[in-house]
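# Reading the structure
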Amino acid sequence: MDKIVSLCKRRGFVFQGSEIYGGFQGFYDYGPLGVEMKNNLKQLWWEWMTVEHDDIVGIDGAIITNPKVWEASGHVKSFVDPLSECKKCHKRFRTDDLAGKKCPECGGELTKPKQFNILVPTQIGVIEGEKVNAYLRGEACQTIYLDYKNVLNTTRLKIPFGICQIGKAFRNEVTPGNFLFRQREFEQWDLQWFCHSSEMEKWFDFWKKERMDWYKNLFTNPERLGFYQHEKLAHYAKKAFDIIYEKSPCEIQEIEGIHWRGDWDLSGHAKYSGQDLSYTDRETKEKFVPQIVETSGGVDRTFLFLLIDAYYEEKDRVVLKLHPKLAPYQAAVFPLLKNKPELVEKAKEIYLNLKKNFKVGWDDRGNIGKRYFAQDEIGTPYCVTVDFESLEDKKVTVRDRDTMKQERINISGIVDYFKNKLDN
Ligand code: GAP
């Protein structure tokens, strides 16, 4: 874990939030390479959901909603973590995380667990005394339930169908920690699948498998992924499985939850808002409140598990064997020597041509060996070198990150060459 944290900082994947002020616990910033990789990851998820599935559409809901939403959802009452405080050093712990009855820091006596609500409150309005108490959303998915009728009325969807969203969630975690795993501000990707109660079991199993297959396709070592079935369920869930990364360096293994939410949310919002949130089947005329299967994953956790999974130390190099579609750069272009204008000019031409189709990096510092290692460490799958021979034979050397094998390819066919490589 320390190596990953250090790599993330050294190469600009992730920085501590508010670092110049000593940081702020539970908040992080993505750097230049991190944001590219995170955007690639979100793009893959979004396209898989909305392009590959005809019956799923997306929304982008507000972070702050009418505060009644969180009463209706049960979060004001039940979104709690048990918290114990050390009577000696006054450090606070999630009771769930404690192995014994003593403070893990100083051995002091602990208070009895108190229930602590982890919704993040805020105030909206300008005039003191008239401000409205609201919450930053504790789970991104609530806006999907709020917009469910609007989506139905503005699309041709009929049950079964899905609404998906990627967005921020906020939780006043008692013990944020383990880098990106438990933050106070993080991003979730959710699918809410609306179906008839008679088909709930079928769709639950379907999405459990679909989501696992999606993750397996992205991880370098898919055999390290597994399922964990929850016995202790969240207030809204009737059945829940986690997709987990079994080689996690900390106690947190969960990447995504597959939750049987039933009609908990729509019935709750119907009751609190006074609106009819039922659905009428156009053919059978049956009127019912749809049941919901949720797949809710953490973008930041997935990002971190992918880095951990792709991290290899091989002899004298560190290499991130990331899926080529996730890597911040899909290729990097180098002129063999930076003080030879004819090499730089040719390399720039190739770089600009490739950039029209792929995410491409440029490096002309140090020697070729160092450039290869620098690109390996950030996961760039291919490096292209322009040397003196390139000016004669119109070919470049392409070096593969994982095998370190090199081959000469024609400059004229370079875009197609990478299209073939990167589509597989
Ligand atoms: N809508 C359901 C829901 O929010 P959850 O299991 O509480 O379910 C879903 O959260 C996912 O969000 C988790 O599987 C995890 O990947 C991510 N997540 C939850 N809390 C997090 C935190 N404090 N920091 C980072 N990611 C978190």
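I will try to describe carefully the structure that is included in this document. Along each chain, the written sequence defines residue order, and numbers are assigned to residues from 1. At least 70 in pLDDT is required for a residue's local features to be given in this predicted model, at least 80 for side-chain atom pairs to be given and counted, and no such filter applies to totals for whole chains, interfaces and linings, which use all residues. Only hydrogens and water are set aside; all other atoms, that is, all heavy atoms of the structure, feed into the side-chain values.

With that settled, consider the overall build of the protein. For the protein, the helix and strand inventory stands at 12 helices and 23 strands. Oriented by its inertia axes, the alpha-carbon framework of the protein measures out at about 75 × 65 × 50 Å. When burial is assessed residue by residue, the protein has 50% of its 424 residues classed as buried. By the convention used here, residues are in contact when the closest approach between their heavy atoms is within 4.5 Å. Considering only residue pairs separated by 6 or more positions, the protein has 65% of its internal contacts joining residues 24 or more positions apart. Per-residue and other accessible areas were derived by the Shrake-Rupley procedure at a 1.4 Å probe size, with only the shown protein chains allowed to occlude residues. For the protein, the exposed surface amounts to about 21,100 Å²; the carbon and sulfur share of it is 49%. Just so you know, the count uses Lys and Arg for positive and Asp and Glu for negative, and it drops His and the chain ends. For this purpose, a charge sits on NZ of Lys, CZ of Arg, CG of Asp or CD of Glu. Each charge sign in the protein was given a centre, from 64 positive and 64 negative side chains, and these centres are 3 Å apart. Secondary structure elements are defined from DSSP: runs of H or I of at least 4 residues count as helices, runs of E of at least 2 residues count as strands, and each element is numbered from the N terminus. Relative accessibility decides the category of a residue: with a 1.4 Å probe and only protein chains considered, values under 20% of the type maximum give buried, values over 50% give exposed, and everything between is partly exposed.

Note on aromatic contacts: the rings of Phe and Tyr and the six-membered ring of Trp form a pair at centre separations within 6.5 Å, being stacked when their planes are under 30 degrees apart, edge-to-face when over 60 apart, and tilted otherwise. As enumerated under the stated definition, the model contains 28 aromatic pairs in all. Between Phe161 and Phe194, the ring centres sit 5.0 Å apart and the planes meet at 15°, which makes this aromatic pair stacked. Of this pair, Phe161 sits in strand β9 (residues 161-170) while Phe194 sits in strand β10 (residues 185-195), and the two are 33 residues apart along the sequence. Across the pair, exposure class does not vary: Phe161 and Phe194 are buried alike. For the pair Phe358 and Phe418, a centre-to-centre distance of 6.1 Å together with 70° between the ring planes defines the contact as edge-to-face. Here the residue Phe358 occupies a position in the loop between α9 (341-355) and β20 (360-362), and Phe418 occupies one in helix α12 (residues 414-423), the gap between them amounting to 60 residues.

This part takes up the sheet that holds strand β22 (residues 395-400). To summarise the sheet geometry, strands pair through backbone hydrogen bonds and adopt either a parallel or an antiparallel arrangement. On the basis of which strands lie adjacent, the open sheet formed by five strands has the order β20-β19-β21-β22-β23 and mixed pairing. The sheet terminates laterally at β20 and β23 (406-410), the two strands that pair on one side only. The sheet shows a mean angle of 30° between the axes of neighbouring strands, taken without regard to direction. Being paired, for any two strands, means DSSP has found at least two bridges between them. Taken together, the four bridges between strand β21 (residues 382-386) and β22 define a ladder with antiparallel strand orientation. Note on β22: the bridge partner recorded for Thr385 is Thr397. Those strands touched by α9 are β19 (331-335), β20, β21 and β22, and its axis lies near 160° from that of β20. Between N-to-C directions, angles span 0 to 180 degrees; the directions come from axes that are lines fitted to C-alpha atoms, helices contributing only their stretch in contact.

In what follows, salt bridge is the name for a side-chain nitrogen of Lys or Arg lying within 4 Å of a carboxyl oxygen of Asp or Glu. According to the stated counting rule, one finds 37 salt bridges in the structure shown. Lys209 is paired through a salt bridge with Asp213; the nearest N and O atoms lie 2.7 Å apart. Taken together, the residues span about one helical turn, with Lys209 and Asp213 both in helix α6 (residues 200-218) at a distance of four residues. On the accessibility criterion, Lys209 (53% relative accessible area) is exposed. A salt bridge links Asp276 to Lys287, with the nearest nitrogen and oxygen atoms 3.2 Å apart. Of the two residues, Asp276 is situated in the loop between α7 (264-273) and β14 (279-280) and Lys287 in strand β15 (residues 287-288); the sequence distance between them amounts to 11 residues. Salt bridges sharing partners connect three or more residues here, namely Asp81, Arg94, Asp96, Asp97, Glu173, Arg182 and Lys232.

Within the structure, the ligand sits among 22 residues, and Glu139, Arg171, Glu173, Glu254 and Glu294 are positioned closest to it. Between Ile255 and the ligand, the recorded distance is 2.8 Å, taken from a backbone N or O atom to an oxygen atom. Between Arg261 and the ligand, the recorded distance is 3.4 Å, taken from a side-chain N or O atom to a nitrogen atom. Relative to its unbound accessible area of 550 Å², the ligand is 93% covered by the protein chains. When residues of the shell around the ligand are traced back to their parent elements, those giving at least two are β10, β13 (254-262) and β16 (291-298). Take the shell around the ligand: its biggest share by element is six residues, from β13. In this text, near means that some heavy atom of the residue lies within 4 Å of the molecule or strand in question. Polar contact is defined as a pair of N or O atoms within 3.5 Å, subject to the rule that within protein one atom must be able to donate a hydrogen and the other to accept it, and that residues adjacent in sequence are counted only when both atoms are side-chain atoms.

Residues belong to one nonpolar core when they are buried, are Ala, Val, Leu, Ile, Met, Phe, Trp, Tyr or Cys, and are joined through side-chain atoms within 4.5 Å. Formed by 55 residues in total, the largest nonpolar core has its most connected members in Phe13, Leu41, Phe219, Phe303 and Leu307. Elements supplying a minimum of two residues to this core: α1 (2-10), α2 (32-50), β9, β10, α6, β12 (239-245), β13 and α8 (299-310). Non-local contacts of Leu307, meaning those with residues more than four positions away in its chain, are made with Ile4, Cys8, Phe13, Met37, Leu320 and Leu322.

With that settled, consider α2. Expected span of a helix, by definition, is 1.5 Å for each gap between consecutive residues, and there is one gap fewer than residues. With 19 residues, α2 extends 27 Å between its outermost C-alpha atoms, agreeing within 8% with the 27 Å of an ideal straight helix rising 1.5 Å per residue. Buried within α2 are the following residues: Leu33, Gly34, Met37, Lys38, Asn40, Leu41, Lys42, Trp45, Trp48 and Met49.

Only residues above 30% relative accessible area that lack a salt bridge enter a patch, with like-charged residues linked at up to 9 Å and the nonpolar side chains Val, Leu, Ile, Met, Phe, Trp and Tyr linked at up to 5 Å. Together, Ile63, Ile64, Ile124 and Val132 make up an exposed nonpolar region whose accessible area comes to about 280 Å². Along the chain, Val132 falls in strand β8 (residues 132-136). For Val132, a relative accessible area of 44% translates into the label partly exposed.

This brings us to the side chain of Glu294. Considering the arrangement of structural elements, one finds Glu294 in strand β16. At 2.5 Å, the side chain of Glu294 forms a polar contact with the side chain of His259. Excluding anything up to four places from it in sequence, Glu294 contacts Cys141, Tyr145, Leu191, Gln192, Tyr236, Gly257, Ile258, His259 and Arg261.

Right, let's get into the state of the cysteines. Note: disulfide means a covalent bond formed between the sulfur atoms of two cysteine side chains. The disulfide criterion is simple: two cysteine sulfur atoms within 2.5 Å. What the rule picks out here adds up to zero disulfides. Not part of a disulfide, Cys106 finds its nearest cysteine sulfur in Cys86, a span of 3.6 Å.

Phi is mostly negative for residues that are not glycine, and the peptide bonds are mostly trans. Here the amide bond leading from Ile159 into Pro160 is cis, since omega sits at 5°, within 30 degrees of zero. Relative to the helices and strands, Pro160 is located in the loop between α5 (142-154) and β9. Phi is positive for Asn178, which is not a glycine, with a value near 55°. In this fold, Asn178 is placed in the loop between β9 and β10. For Asn178, a relative accessible area of 30% translates into the label partly exposed. Positive phi is not limited to glycine here, since Met404 has a value of about 65°. Counting through the fold element by element, Met404 comes out in the loop between β22 and β23. Its relative accessible area of 40% is what places Met404 among the partly exposed residues.

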